[in-house]
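Close look at the chain arrangement
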Amino acid sequence: MNLLTFDIEEWYLEQQLGGRAEKYAEYDHYLNGILNKLDECQIKATFFCVGEMGRLFPEVIRKIQGRGHEIGCHSNIHTWLNKMTEADCREDTYRAVDSLEQRIGEKVKSYRAPAFSIGENNKWAFEILATNGIERDASIFPAARDFGGFSSFGQKEPCVVEYNGIKLKEFPVCTTHVLGKEIAYSGGGYFRFFPLSFVKKEMSKSKYAMCYFHIGDLLPEAGGVPSKSAYEAYYKEPGTLKNRYVRYMKTNLGKKNAFEKMMKLINMMDFVGLQQSDDMIDWNSAPVVKL
Ligand SMILES: [Zn+2]
């Protein structure tokens, strides 16, 4: 079973930077391309959208919903959960879910934290999600990664998370062994880095794969190394020249032709979204992770 997911925040982030019409048009163009491809391949995916997109760009949310895809939640303003207090996370999640539900007129049941930012130190986030009616989560990166990851999670297939009396269905990122290390391959910078043939081979040999894409991750960057203030505002760590340069290199690695590469992958594999996948899984025999 291959899951196809998109994280949608680009329009909102652009609005925060001043809102250039040509960037909105660019994101609309690429989103339309994705939606047409999904129609052509008869795939229903899950689009995790930031709550503020519901308030500021309702037409984008409604367009995705109108083509039959699931609208999930991707926090309210794309602040990473491991940079928030529990109280702030509670407020952020409530606002996000409320904003999206007002736009789509139905319950939001799936969630992904920005940058997979639920880990060992903020497991309380699961309780907040459940309180807000979330039933399916896709926030776990079960290996070490920059700014977090949850390497002690222990599962890389759909499982049930139990924490403090609540239960949630978890759809973690899938990983593979490369040179003795456990790493992801089916989204973000990993997808850009590996050849398409490798991604396809890994997906074909496993019974579960989770693909995750941001439109912005797939387009070549026009700007240069971010300013110290912009870096610190976004990453919440010192904007030294080294930090800014390393991050710039990583976020731009393999961007050339990355969008076309993703479209080829969509063409050659079968995919479902979280909603469909939930119905296909026998949860009674799924592994249970007690946190
Ligand atoms: Zn995101």
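Worth saying up front: this structure is predicted, and the values here are computed from it rather than measured.

Some thoughts on the overall build of the protein chain
For the protein chain, the count of helices and strands is 12 helices and 11 strands. For the protein chain, whose C-alpha radius of gyration is 18 Å, the value lies close to the compact-globule estimate of 19 Å for 291 residues. Dimensions of the protein chain, computed from the C-alpha atoms along their principal axes, are close to 50 × 45 × 40 Å. Looking at the protein chain residue by residue over its 291 residues, the buried ones come to 52%. Within the protein chain, contacts between residues at least 6 apart in sequence are counted, and of these 74% link residues at least 24 apart. Counting every atom, the protein chain has about 13,200 Å² of accessible surface; 51% of that belongs to carbon and sulfur. Taking the 38 positively charged and 38 negatively charged side chains of the protein chain as two groups, their mean positions are separated by 5 Å.

Some points on the coordination of the zinc ion
The coordination sphere of the zinc ion, as far as protein atoms go, consists of Glu9 (OE), Glu9 (OE), His74 (NE2), His78 (NE2) and His214 (NE2), spread over 2.0 to 2.8 Å. Here the donor residues of the zinc ion share one chain and are spaced in sequence as E-x64-H-x3-H-x135-H. Highlighted residues: Glu9 in the loop between strand 1 (2-8) and helix 1 (10-16) and His78 in the loop between strand 3 (70-73) and helix 5 (86-104), separated in sequence by 69 residues. A relative accessible area of 7% means that His78 is categorised as buried.

Side note on the pairing of strand 3
Of the two faces of strand 3, the one carrying Glu70 and Gly72 and the one carrying Ile71 and Cys73 are both buried. Sheet topology places strand 2 (residues 46-49) next to strand 3; four bridges connect them, and they run parallel. When the bridges of strand 3 are listed, Thr46 appears paired with Glu70.

Comments concerning the nonpolar core
Membership of the largest hydrophobic core comes to 84 residues, with the highest contact counts inside it found for Leu4, Phe6, Trp11, Phe47, Met262 and Leu265. One finds Phe116, Phe141, Ala143 and Tyr212 within the second-largest nonpolar core, a separate group that totals six residues.

Section: helix 8 (residues 196-205)
Residues of helix 8 that are buried: Leu196, Phe198, Val199, Glu202 and Met203. Seen end-on, helix 8 carries its buried residues on one side only, within an arc spanning 165°. Exposed positions of helix 8 whose direction lies more than 90 degrees from the buried face are Ser197, Lys201, Ser204 and Lys205.

With respect to the packing of helix 5 against helix 6 (residues 124-131)
In the contact formed by helix 5 and helix 6, the axes pass within 10 Å of each other and the chain directions differ by 30°. On the basis of their axis angle, the class for helix 5 and helix 6 is roughly parallel. Here the hand of the crossing between helix 5 and helix 6 comes out right-handed. Contacts between helix 5 and helix 6 involve Glu86, Cys89, Arg90 and Thr93 from the former and Trp124, Ile128, Leu129 and Thr131 from the latter. Classifying every residue of the contact of helix 5 with helix 6 gives four nonpolar, two polar and two charged.

Quick look at helix 11 (residues 258-268)
Within the span of helix 11, buried status applies to Ala258, Phe259, Lys261, Met262, Met263, Leu265 and Ile266. Against the buried residues of helix 11 lie strand 1, helix 2 (21-40), helix 7 (188-193), helix 8 and strand 10 (209-214).

Cut-offs used in this document
- Residues numbered from 1 in each chain as written.
- Predicted model: local features only at pLDDT ≥ 70, side-chain atom pairs only at ≥ 80, totals over all residues.
- Heavy atoms only, no water.
- Helix = DSSP H or I, 4+ residues; strand = E, 2+ residues; numbered from the N terminus.
- Rg over C-alpha atoms; globule rule 2.2 N^0.38 Å.
- Buried < 20%, exposed > 50% of the residue type's maximum accessible area, 1.4 Å probe, protein only.
- Contact = heavy atoms within 4.5 Å.
- Areas by Shrake-Rupley, 256 points an atom, 1.4 Å probe, with all protein chains shown as cover.
- Lys, Arg positive; Asp, Glu negative; His and termini not counted.
- Charge placed at Lys NZ, Arg CZ, Asp CG, Glu CD.
- Donors = N, O, S within 2.8 Å, 3.2 Å for Na, K, Ca; no water.
- Pairing = 2+ DSSP bridges.
- Core = buried A, V, L, I, M, F, W, Y, C linked by side-chain atoms within 4.5 Å.
- Arc of directions from axis to C-beta.
- Axes fitted to C-alpha atoms, helices over the stretch in contact; angles between N-to-C directions.
- Parallel < 35°, antiparallel > 145°, perpendicular 65-115°, else oblique.
- Left-handed = near helix turned anticlockwise from the far one by under 90°.
- Nonpolar A, V, L, I, M, F, W, Y, C, P; charged D, E, K, R; others polar.

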